[in-house]
Structures are given as structure tokens and as C-alpha cells.
Amino acid sequence: MSAGARTRPLTTALTTLTAVALTAAGTLTVNAAPAQADAGAADAGAAACNGYVGLTFDDGPSNSTPALLNALTQNGLRATMFNQGQYAAANPSRVQAQVNAGMWVGNHSYTHPHLTQLGQSQIDSEISRTQQAIAAAGGGTPKLFRPPYGETNSTVRAVEAKYGLTEILWNVDSQDWNGAGTDAIVQAAARLGNGQVILMHDWSANSLAAIPRIAQGLTARGLCAGRISPQTGQAVAP
């Protein structure tokens, strides 16, 4: 047998091994591509929401609610609506519209009184009737309570605890209730940090007008509109 004859089987074997190796490598490369794509998508999603803020609107539902819900949904935002019980009872379909639009519903008392000037039984009535009105309107049983004017004390908190409610105030006041213009409201929202909550109102035309710019500002900062956790009182992922 010649030397050439002896090397041919070896060459063939090496060629075969090389082909197998390349095939294996090719298979690994093909299988890895979707995983890399999935990882990229996950990274993009994570990058889109580096934190969450709580947008809140008090005093609804009102005649302004449909336009407010439309603006929020068109701009990809969700919010917590702190409803008054008297308005929820009078406008149950608007409470249901809030829920259908992906919003969360909280308790903001029945008639918006200064709770710290009332006795415990009166405070109880304000809170309990609102719980019932919102539930009857299809808004679920609220877990969050915002005292009118942000006024609270130990008696108010005791009644909140009786109904399993977490008291939610705010980190940033938009001042829409005090005549703040749209620019000022947008600037207030720009101060929000991760986990923080902003106070706005259902009836404010200037807050309504500010929504597209608020959405743009949050996106630019990698923040998303989240729900408010009953456990921590902070904004978290929906």
C-alpha cells in the first residue's frame, strides 16, 4: 500500500470530523439566534420602564371623566382615580368606564368634608358609604383611601384600618386645583421620581391638556405609569 493510500482514510476522517463540527456549530448558531432575539426584546422592555410613578386624579367621576379616560388611554397611561362616593353613586357607568379603561379606583370620601373636624361615626359613614357606592358601581372594593385636602389624624387612620384601606397622599402636588397652568402641571410631573405619586384632579381642564406632554416626559426619563401598592403606598409595576 502506498503512502498516498494510507493517508486517504485519515484525510477522509478529518474531513468528516470537520464537517460534523461545522454542522454542530451551525446548529448551535441557528438555535442561539431566537434566544438572543428574546434577550434583546426583554432588554428593550426593561429599558422602557426603569421605574414607575403613580398618576392620581381626585373628585370624579364627573362630566370630564370620559375625556380624561380617552386622553390617558390614547397616551398609554394608567392612573388611580380617587372617586367621591356621592359621584360614584350618581354616575355608576362612569366608574365602570374607569375600570374598563384600565384605571384603578380608590376611595376619596363620600362628600369631601374636612374629616379631621368630624367625629369617628361621621368619618366611618364617609368612608363606608363610598366603599359601598364604588363596589355597587362596578369599581370593586377600594383598597386605597385619599383623605380630602390630605387632612388626616389618628381617628381617620383608625377608620381606614377598619375597612382595610391604605392612606395615600402624594409626593408632588400639581397645583391644578389652585389654578396652575398646563406648563406648570407638566413641570410638576417632571419632578416625579421612581415610586412617587402626583396629585391631579378629574375636573381640571389644564391637567387634561397636560397629559400628552406628561406621557412624553415620562417616556424620555424611562418612567412608566404604575399602580399604587396597598402594601407600600408607592407606585409599582401594574
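An account of the accompanying structure is given in this report. (Residues numbered from 1 in each chain as written. Predicted model: local features only at pLDDT ≥ 70, side-chain atom pairs only at ≥ 80, totals over all residues. Heavy atoms only, no water.)

1. Focus: the overall build of the protein chain
What counts here: Numbering of helices and strands runs from the N terminus; a helix is a DSSP stretch of H or I covering at least four residues, while a strand is a stretch of E covering at least two. Three labels apply to residues, based on accessible area from a 1.4 Å probe with only protein chains included: buried if under 20% of the type maximum, exposed if over 50%, partly exposed otherwise in between. Only heavy atoms matter for contacts: two residues are in contact if any of them lie within 4.5 Å across the pair. Under the convention used here, a 1.4 Å probe and the Shrake-Rupley method define accessible areas, while residue burial counts only the protein chains that appear.
Within the protein chain, the regular secondary structure consists of eight helices and 10 strands. In the protein chain, buried positions account for 41% of the 238 residues. Within the protein chain, counting contacts between residues at least 6 apart in sequence, those at least 24 apart form 72% of the total. When the accessible surface of the protein chain is split by element, carbon and sulfur atoms take 56% of a total near 11,600 Å².

2. Examining the packing of aromatic side chains
Applied cut-off: Classification of ring pairs rests on two measures: the distance between centres of Phe, Tyr or Trp rings, Trp counted by its six-membered ring, which must be within 6.5 Å, and the angle between planes, read as stacked under 30 degrees, edge-to-face over 60 and tilted in between. Sitting over a ring, as applied to charges here, requires NZ of Lys or CZ of Arg to be within 6 Å of the ring centre and within 35 degrees of the ring normal.
Per the stated rule, a full pass over the model turns up zero aromatic pairs. The ring centre of Tyr-110 lies 4.1 Å from the NZ or CZ of Arg-129, which sits over that ring.

3. Some words on the pattern of salt bridges
Put simply, the rule reads: Salt bridges are identified by distance alone: a Lys or Arg side-chain nitrogen within 4 Å of an Asp or Glu carboxyl oxygen.
A full pass over the atoms with the stated rule returns four salt bridges. For Lys-162, the salt bridge identified is with Asp-124, shortest N-O distance 2.7 Å. Of the two residues, Lys-162 is situated in helix 6 (residues 154–162) and Asp-124 in helix 5 (residues 120–136); the sequence distance between them amounts to 38 residues. Given the relative accessible area of 58%, Lys-162 is considered exposed. On the basis of relative accessible area, Asp-124 is assigned to the buried category, the value being 15%.

4. Some points on the nonpolar core
Going by this rule: What makes a nonpolar core is a set of buried Ala, Val, Leu, Ile, Met, Phe, Trp, Tyr and Cys residues whose side-chain atoms join them at distances within 4.5 Å.
Counting residues in each nonpolar core, the largest one holds 27 residues, and the members touching the most others are Leu-55, Phe-57, Leu-72, Leu-77 and Ile-198. Residue assignment for this core shows that the elements contributing at least two residues are strand 1 (51–60), helix 2 (65–74), helix 7 (182–189), strand 7 (197–201), helix 8 (205–220) and strand 8 (223–225). Broken down by element, the residue count for this core peaks at five residues, all from helix 8.

5. Here we look at helix 6
Which entries qualify depends on this criterion: Within this analysis, the arc is defined by the directions that extend from the helix axis to the C-beta atoms. Any N or O atom pair separated by 3.5 Å or less is treated as a polar contact, with the protein-specific requirement of one donor-capable and one acceptor-capable atom, and with residues adjacent in sequence counted only for side-chain atom pairs.
Regarding helix 6, the residues found buried are Val-156, Val-159 and Glu-160. Along helix 6, the residues classed as buried sweep out an arc of 105° about the axis, all on the same side. Seen from the buried face of helix 6, the exposed residues on the opposite side, beyond 90 degrees, are Ser-154, Ala-161 and Lys-162. In this structure Asn-153 caps helix 6, since a side-chain oxygen of it lies 3.1 Å from the backbone nitrogen of Thr-155. Within two residues after helix 6, Gly-164 carries a phi angle of roughly 65°, on the positive side.

6. Structural notes on the pairing of strand 7
Under the convention used in this document: When DSSP locates at least two bridges between a pair of strands, those strands are taken to pair.
Among the five residues in strand 7, five count as buried, and that is most of the element. Residue alternation in strand 7 divides its side chains into two sets, Val-197, Leu-199 and His-201 and Ile-198 and Met-200, and both sets are buried. The sheet contact formed by strand 6 (residues 172–173) and strand 7 spans two bridges and is parallel. Its bridge partner lying in strand 7, Asp-173 is registered against Leu-199.

7. Thoughts on the state of the cysteines
Defined as follows: In what follows, a disulfide is any cysteine sulfur pair within 2.5 Å.
Applying the stated criterion across every chain, the model contains one disulfide. The partner cysteine of Cys-49 in its disulfide is Cys-224, sulfur to sulfur 2.0 Å. Around the S-S axis, the bridge from Cys-49 to Cys-224 shows a dihedral of about -90° and counts as left-handed. Taken together, the residues Cys-49 in the loop between helix 1 (3–48) and strand 1 and Cys-224 in strand 8 connect sequence positions 175 residues apart. Overall, the relative accessible area of 24% leaves Cys-49 in the partly exposed class.

8. Concerning the environment of Ala-136
Summarising the element assignment, Ala-136 is placed in helix 5. Taking relative accessible area as the criterion, Ala-136 reaches 71% and is therefore assigned exposed.

9. Focus on helix 8
Under the convention used in this document: Expected helix span is taken as 1.5 Å per residue step, with the number of steps being one fewer than the number of residues. A residue's bend is the angle separating two fitted axes: one through the seven residues that end there, the other through the seven that start there.
With 16 residues, helix 8 extends 24 Å from end C-alpha to end C-alpha; this agrees with the ideal 22 Å at 1.5 Å per step. Maximal helix bending in helix 8 amounts to about 45°, located at Ile-211; proline Pro-212 follows within four positions. Listing the buried residues of helix 8 in full gives Ser-207, Ala-210, Ile-211, Ile-214, Ala-215 and Leu-218. Considering only its buried residues, helix 8 is in contact with strand 1, helix 2, helix 7, strand 7 and strand 8. Once helix 8 finishes, Gly-222 follows within two positions and takes phi at roughly 75°, a positive value.

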